[in-house]
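An overview of the molecular structure
Listed below are the residues making up each chain.
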Amino acid sequence: MNIRSLQTFIRVVELKSFTKAACELNYVQSTVTMQIQQLEKELGYPLFDRIGKKIALTSYGENFFIYANEVLQIMQRVNNVGKNPEEMKGTLRIGLLESLLSGTTQHIFPLFKAHYKNIEVHLKMGQLYELLPLLRQGQLDMLYISGELNMDPDFHCCYKRKENLVFISAPDHPLAGEHGVSLENVLSYPFIVTELSGTCYGRLNQLAFSHNLSLQHPLIVDSTIAIAELVSRGMGIAFLPEYSVSDYIKQQRLAQISVNIPPQIYYSQILHCKDKWIPPFMNEWISLIHEYRPER
């Protein structure tokens, strides 16, 4: 069993395709097939069910996938012993929300790459319910997410910061210059909301329910950037993380509405598996988040 075969197996699983894995790894497909078959022969059990052109992990394959990731992490630790940051090689796989990517990490990438030029950064965008299983299965190294505080004992939280959810509108909206606006008044206007499974919509729905109110046929858009643009064009009101719209407000492209409700607090967090070894380059990424967005 060799490292290249393990790397090939992991990419086939992640891409759900022998063909795509071969293309990414610059192999012919027969090489990928041969490596997987050799692994199966050495292990003594099938890793994939092959049904037509589709593949799926067997129960044995699912267990082996976890161990294969652990082996590669150990080899990465061995290869990085005694090396300077500039010499380190490896991959950092981060799952994060689109709002955090656009709203908080724009200064992180150039600083990180200045120290770790040979580290590949893979970003997986998605919602929390999509990303947590990938972290648990070892397909991601860490998550940068926002929501309620993590209570899962399998995950370690190495960063948490209080965040605010705010109501926003176009600068010329009737409520833009008002103070102490009632929630009933705000909800009487058209809303543009994020995906229904997200924190923003969930918290807004709770507020409406607690006041015996409801949203009137909101427009649902799965992107905070797109929502901010639509609101700035007068398409409706939105309820979004403050960090995701702060630049728009500073540029006077959006206005924050002062609503007579308690502050709506939640948390941005960095999570990784509890027993995971943290390589230097991953620790550097976490440190940069701490530096540019200190905990509060």
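Residues numbered from 1 in each chain as written. Predicted model: local features only at pLDDT ≥ 70, side-chain atom pairs only at ≥ 80, totals over all residues. Heavy atoms only, no water.

1. A few points about the packing of aromatic side chains
Going through the model one piece at a time under the given rule, you end up with 12 aromatic pairs. Centroid distance Phe112 to Tyr116: 5.4 Å. Interplanar angle 25°. Geometry classified as stacked. For the pair shown, Phe112 and Tyr116 are each scored as buried. For the ring pair Phe167 and Phe239, a centre distance of 4.5 Å and an interplane angle of 35° mean the geometry is tilted. Residue Phe167 is located in strand E6 (residues 155-169), and its partner Phe239 is located in strand E9 (residues 238-241); the two are separated by 72 residues in the primary sequence. Phe239 shares its class with Phe167; the two are buried. An aromatic cluster of at least three residues, connected via ring pairs, comprises Phe9, Phe18, Phe48, Phe64 and Phe65. (Phe/Tyr/Trp six-rings, centres within 6.5 Å; stacked < 30°, edge-to-face > 60°. Buried < 20%, exposed > 50% of the residue type's maximum accessible area, 1.4 Å probe, protein only. Helix = DSSP H or I, 4+ residues; strand = E, 2+ residues; numbered from the N terminus.)

2. Concerning the UniProt feature "domain: HTH lysR-type" (unreviewed entry) in the chain
The positions UniProt marks with the feature "domain: HTH lysR-type" (unreviewed entry) are residues 1-58. In this annotation, residues 1-58 is assigned 62% helix and 14% strand; the end-to-end C-alpha distance for the span is 19 Å. (UniProt positions renumbered as here; feature names shortened; annotations may be inferred.)

3. Digging into the packing of helix H10 (residues 224-232) against helix H11 (residues 242-250)
Contact pair H10 / H11: the axes reach a minimum separation of 10 Å and the direction vectors enclose 35°. The way H10 lies across H11 gives a crossing that is right-handed. On H11, the residues touching Thr224, Ile225, Ala228 and Glu229 of H10 are Ser244, Val245 and Tyr248. A breakdown of the residues in the contact of H10 with H11 according to their chemical character gives 4 nonpolar, 2 polar and 1 charged. (Axes fitted to C-alpha atoms, helices over the stretch in contact; angles between N-to-C directions. Left-handed = near helix turned anticlockwise from the far one by under 90°. Contact = heavy atoms within 4.5 Å. Nonpolar A, V, L, I, M, F, W, Y, C, P; charged D, E, K, R; others polar.)

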